[in-house]
Amino acid sequence: MHKIAIVYWSGTGNTELMANCIAAGARDAGAEVELLSPGQFSAADVDKYQAIAFGCPAMGAEQLDEDEFEPMFSSVEGALSGKKVALFGSYGWGDGQWMRDWCERTSGDGADLYDEEGLMVNGTPDDEGEAACQALGQALAAW
């Protein structure tokens, strides 16, 4: 059985909904899933999981949350080399530059990135967005 960590930060609840849908998809596919906040995850935890999904919405000028998420991600990215990683988040403006930058950064660190474009949802996930999140969870469980 795959053990998957879903580490996320959500300001409005949209990314949290995405995380819950990813978790549901992974559980439906037979994986053991842990939903974690940035404060509950560190580099020491990376090897406990077969795959890790990181979620953070676009903040400010299309960047990761600087208070909680970015410090955690910076501290773990050196441990992600060769690790199966997926990235997801919601946005309300811009064109997804934060996700493109994040994907490039993560694959540059040597992580085995599930999707080089990440999974983005504009605003609150609708039925299609929720289905895409569940599909990501199912794919992580099978990966």
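Residue positions within a chain follow its written sequence, with the count starting from 1. Totals for whole chains, interfaces and linings use every residue, but because this is a predicted model, local features are given only for residues with pLDDT of at least 70 and side-chain atom pairs only at 80 or more, for both listing and counting. Each side-chain value is worked out from all heavy atoms of the structure, with water and hydrogens disregarded.

1. What about the nonpolar core?
Stated formally: Only buried Ala, Val, Leu, Ile, Met, Phe, Trp, Tyr and Cys residues count toward a nonpolar core, and they belong to the same one when joined by side-chain atoms within 4.5 Å. Residue exposure (1.4 Å probe, protein chains only): buried if accessible area is under 20% of the type maximum, exposed if over 50%, otherwise partly exposed. Here a strand is any run of E in DSSP of at least two residues, a helix any run of H or I of at least four, and the numbering for each starts at the N terminus. Two residues qualify as a contact provided that any one of their heavy atoms is within 4.5 Å of a heavy atom in the partner residue.
Core analysis: the biggest nonpolar cluster contains 26 residues, and Phe41, Ile52, Phe54, Phe69 and Trp102 have the highest contact counts within it. Those elements giving two or more residues to this core turn out to be strand S1 (3–8), strand S3 (51–55), helix H2 (69–76), strand S4 (84–91) and helix H3 (97–108). When near neighbours in sequence (up to four residues on either side) are disregarded, Phe41 contacts Ala5, Val7, Leu36, Val46, Tyr49, Ile52, Phe54, Met72 and Val76.

2. Looking at the packing of H2 against H3
Under the convention used in this document: Lines are fitted to the C-alpha atoms to define the axes, a helix being fitted only along its stretch in contact, and any angle between axes, read from their N-to-C directions, falls within 0 to 180 degrees. Roughly parallel means an angle under 35 degrees; roughly antiparallel means over 145; roughly perpendicular covers 65 to 115; every other angle is labelled oblique. Left-handed describes a crossing in which the near helix is turned anticlockwise from the far one by less than a right angle; the clockwise case is right-handed. Amino acids are sorted into nonpolar (Ala, Val, Leu, Ile, Met, Phe, Trp, Tyr, Cys and Pro), charged (Asp, Glu, Lys and Arg) and polar (every other residue, Gly among them).
Look at H2 against H3: their axes get within 11 Å of each other, and the N-to-C directions meet at 25°. Comparing the axis directions of H2 and H3 gives the class roughly parallel. Viewed along their axes, H2 and H3 form a crossing whose handedness is left-handed. Here Phe69, Glu70, Phe73 and Ser74 of H2 lie close against H3, whose contacting residues are Trp102, Arg105 and Thr106. Broken down by class, the residue content of the contact of H2 with H3 amounts to three nonpolar, two polar and two charged.

3. Let's talk about the packing of aromatic side chains
In plain terms, the rule: For Phe, Tyr and Trp, rings pair up if their centres lie within 6.5 Å, where Trp contributes its six-membered ring, and each pair is then called stacked (planes under 30 degrees apart), edge-to-face (over 60) or tilted (otherwise).
Applying the stated criterion across every chain yields a total of nine aromatic pairs. Between Phe41 and Tyr49 the ring centres are 6.2 Å apart and the planes differ by 40°, which places this aromatic pair in the tilted class. Judged by its relative accessible area of 4%, Phe41 is buried. Their ring planes at 80° and their centres at 5.7 Å tell us that Phe73 and Trp102 sit as a pair that is edge-to-face. Taken together, the residues span a long stretch of sequence, with Phe73 in helix H2 and Trp102 in helix H3 at a distance of 29 residues. In this pair, the class of Phe73 matches that of Trp102, namely buried.

4. Details of the pattern of salt bridges
Our working definition: One side-chain nitrogen of Lys or Arg within 4 Å of one carboxyl oxygen of Asp or Glu is enough to make a salt bridge.
A complete count under the given rule lists five salt bridges for this structure. A salt bridge links Lys3 to Glu34; its shortest N-O distance comes to 3.4 Å. Linking Lys3 in strand S1 with Glu34 in strand S2 (residues 32–36), this pair joins segments that are 31 residues apart in sequence. A residue is classified by how much of its surface remains accessible, and Glu34, at 27% relative accessible area, is partly exposed. Across the pair Asp95 and Arg100 runs a salt bridge whose closest N-O atoms are separated by 3.0 Å. Taken together, the shared-partner salt bridges in this structure form one network comprising Glu70, Glu77 and Arg105.

5. Points about the side chain of Thr106
Residue placement: Thr106 occurs in helix H3. With residues near it in sequence (within four places) discarded, Thr106 still touches Phe73, Val85, Leu87, Ala111 and Leu113.

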